[in-house]
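Listed below are the residues making up each chain.
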Amino acid sequence: MIFNRTDTRRDLATAMVLMISAMLTGWVYVYHGGMSEPDSVVMAAGMARIAAGEPLSESMLYGRFLNPGIYLLFKLIHPVFVRSPGDTIPFLNILGILSFSLLTGLFYILLRRRFDRTVAACSTLIAMLTPVFWEAGTYFHPVVPALALLAGAILLFDRISASAAGVSALLAVILLAASATVMRNEVLFTVPALLAAASLSTRPARNLILVLIISALSALTFLFVARAVSLEGQTGLSGFYSGFSSRVAGSTSLKGLLRTIPWAVMVMGAASILLAAWGILVRLSDRTYGPDRQRSAGKLVPALLWAIPVILIWLFWPIPVLRHYFIAVPAIVYLLAATILSGRGKGAVVLITIAVIMLNLGIPEILYRAYNSAYPDRAKAPNGTFFYQHSLVNERIERYHTCLLYTSDAAD
């Protein structure tokens, strides 16, 4: 899609408004003095040790072979922003909000390449206010900046060429993709989708080769960094992945699907998933489309390959680590935009968007609150909600702080 200068200015202004909106939605619900996920808390504890002067190798308490990049970044910039170890969590949470805001703006620009301004903006709002996406914008986890870096790489990919500017774009894409992988190697789940997108592009051979080279360089960069920070023995890189693989395999459960499917659907947006699935089925079952429409349907494949591996891997994991589904959300929203929102009038797009957001947020809230009110002795953890779960985590953080203050006062 080619824009004139007016379009570019308007799109940049829209992206900025969406980024500010994301920043505000994150800031209103940001956790004060804590985080909602134990893994993030352990990472913050390790970085607090870095701020206290301990060596990097001894401070990587979690994610040494998953997200070493965030420790390296913190080591580099913490003297400027973190005056004491106690500033670590507030700093990281602010970094999380800023990453969430940047990701939101980049997602809009990427959608704008395929859809009109209304569809792109409304789809971005749906993603931004999907429970797992919104929650990830209220505290720190390295998957958020990692996905933002990957979005930047995808955005610049089309600028690669044999010219000086094109070579600079290639170097920038390699740097961003490698940084994303080192920040959180979870982004490698998207490689099949990127390869599919390349094969469907106007220059499939060239783009497939480029994606393969960039992916390989990103993976090698990650392996180099992970090896550099590894420890000897079984805690080294190979030992970690052996243990991690066996743990994942040993924890998978078919019976767990009965619990994880409802969690996954609600946290990724029940209305988004149902509408996107319906739109895909309609698109595939309509025999009257012809070659052009069939090619259009084929363009849904990259989004499906983006979401499906992530979802399938974690559906069999019965532990409610709902952040695992974060990366799948942009693909689900893209499918919703391509099959339901695209081609409709502005009014219809806005009304559908409002309904989807309200249902995505409202369905889990109503179900869990109604059940827990009716059966308080069998109350369930509200996995898949935003407001309910967020309030419970805030209460838990406040209790921890109260206990620490009481313990400190008693010791004095």
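The structure contained in this document is the topic of the report that follows. Keep in mind that what you see is a predicted model, and the values were worked out from it rather than measured. (Residues numbered from 1 in each chain as written. Predicted model: local features only at pLDDT ≥ 70, side-chain atom pairs only at ≥ 80, totals over all residues. Heavy atoms only, no water.)

1. Quick word on a nonpolar patch on the surface
So, point 1. A surface patch of nonpolar side chains, about 440 Å² in accessible area, is lined by I209, I213, L217, L220 and L223.
So, point 2. Mapped onto the fold, L220 is located in helix α11 (residues 204–228). (Patch = residues over 30% accessible without salt bridge, like charges linked within 9 Å, V, L, I, M, F, W, Y side chains within 5 Å. Areas by Shrake-Rupley, 256 points an atom, 1.4 Å probe, with all protein chains shown as cover. Salt bridge = Lys/Arg side-chain N within 4 Å of Asp/Glu carboxyl O. Helix = DSSP H or I, 4+ residues; strand = E, 2+ residues; numbered from the N terminus.)

2. Focus on the side chain of S123
So, point 1. Tracing the backbone shows S123 in helix α6 (residues 117–128).
So, point 2. Excluding its chain neighbours within four sequence positions, the residues that come into contact with S123 are F107, L111, V333, A337 and L341. (Contact = heavy atoms within 4.5 Å.)

3. Some thoughts on empty space enclosed by the protein
So, point 1. In the structure shown here, the tally under the stated rule is one cavity of 30 Å³ or more.
So, point 2. The volume enclosed by the largest cavity comes to roughly 40 Å³.
So, point 3. Looking at the lining of the largest cavity, its residues break down into eight nonpolar, two polar and no charged. (1 Å grid on protein atoms, 1.4 Å probe; cavity = no way out; pocket = protein on both sides within 12 Å on 5 of 7 lines; lining within 4 Å. Points joined across faces, edges and corners; volume = space filled by probe spheres on them. Nonpolar A, V, L, I, M, F, W, Y, C, P; charged D, E, K, R; others polar.)

4. Here's the deal with the pattern of salt bridges
Two side chains carrying opposite charge are able to pair once their charged atoms lie near each other.
So, point 1. Scanning the entire structure with this criterion turns up nine salt bridges.
So, point 2. The residue R117 makes a salt bridge to D11 at a minimum N-O spacing of 3.0 Å. With R117 in helix α6 and D11 in helix α1 (residues 5–28), this residue pair connects regions lying 106 residues apart in the sequence.
So, point 3. Judged by relative accessible area, R117 falls into the buried class, the value being 16%.
So, point 4. A relative accessible area of 7% places D11 in the buried class.
So, point 5. If you follow the salt bridges from partner to partner, you end up with E37, R184, E186 and R323 in one network. (Buried < 20%, exposed > 50% of the residue type's maximum accessible area, 1.4 Å probe, protein only.)

5. Focus: the layout of surface pockets
So, point 1. The space that makes up the second largest pocket amounts to roughly 1,100 Å³.
So, point 2. Forming the boundary of the second largest pocket are 46 residues, of which E37, D39, V321, R323 and H324 lie nearest the centre.
So, point 3. Elements supplying a minimum of two residues to the lining of the second largest pocket: α2 (38–51), α7 (131–136), α12 (237–251), α16 (301–315) and α19 (387–411).
So, point 4. At five residues, α12 tops the list of elements feeding residues into the lining of the second largest pocket.
So, point 5. A breakdown of the residues in the lining of the second largest pocket according to their chemical character gives 27 nonpolar, 10 polar and nine charged.

6. Notes on the packing of aromatic side chains
Any pair of aromatic rings gets described here by the distance separating the centres and the angle formed by the planes.
So, point 1. One pass over the structure, following the stated rule, counts 14 aromatic pairs.
So, point 2. For the pair Y29 and F387, a centre-to-centre distance of 5.9 Å together with 65 degrees between the ring planes defines the contact as edge-to-face. Taken together, the residues Y29 in the loop between α1 and α2 and F387 in helix α19 connect sequence positions 358 residues apart.
So, point 3. Residue classification places Y29 among the partly exposed residues on the basis of a relative accessible area of 27%.
So, point 4. The class for F387 is partly exposed, based on a relative accessible area of 30%.
So, point 5. Relative to F387, the ring of F386 has its centre 5.1 Å away and its plane inclined at 85 degrees; by these criteria the two rings are edge-to-face.
So, point 6. Through a chain of ring-to-ring contacts, three or more aromatic side chains come together here, namely Y29, W134, F386 and F387.
So, point 7. Stacked on the ring of Y388, the Lys or Arg R369 has its end atom at 4.4 Å from the ring centre. (Phe/Tyr/Trp six-rings, centres within 6.5 Å; stacked < 30°, edge-to-face > 60°. Lys NZ or Arg CZ within 6 Å of the ring centre and 35° of its normal.)

7. A short note on the side chain of H141
So, point 1. Looking at the element boundaries, H141 is found in the loop between α7 and α8 (143–157).
So, point 2. Among the polar contacts made by the side chain of H141, one reaches the side chain of R323 at a distance of 3.3 Å.
So, point 3. Filtering out sequence-adjacent residues up to four positions away, H141 remains in contact with E37, S40, M43, R184 and R323. (Polar contact = N/O pair within 3.5 Å; in protein donor to acceptor, adjacent residues only side chain to side chain.)

8. Details of helix α5 (residues 88–112)
So, point 1. Taking 1.5 Å of rise per residue, 25 residues should cover 36 Å, and α5 covers 36 Å from first to last C-alpha, within 8% of that figure.
So, point 2. In terms of residue burial, α5 counts as a mostly covered element, since 18 of its 25 residues are buried. (Expected span 1.5 Å × (residues − 1).)

Distances and angles like these do not, on their own, reveal function.
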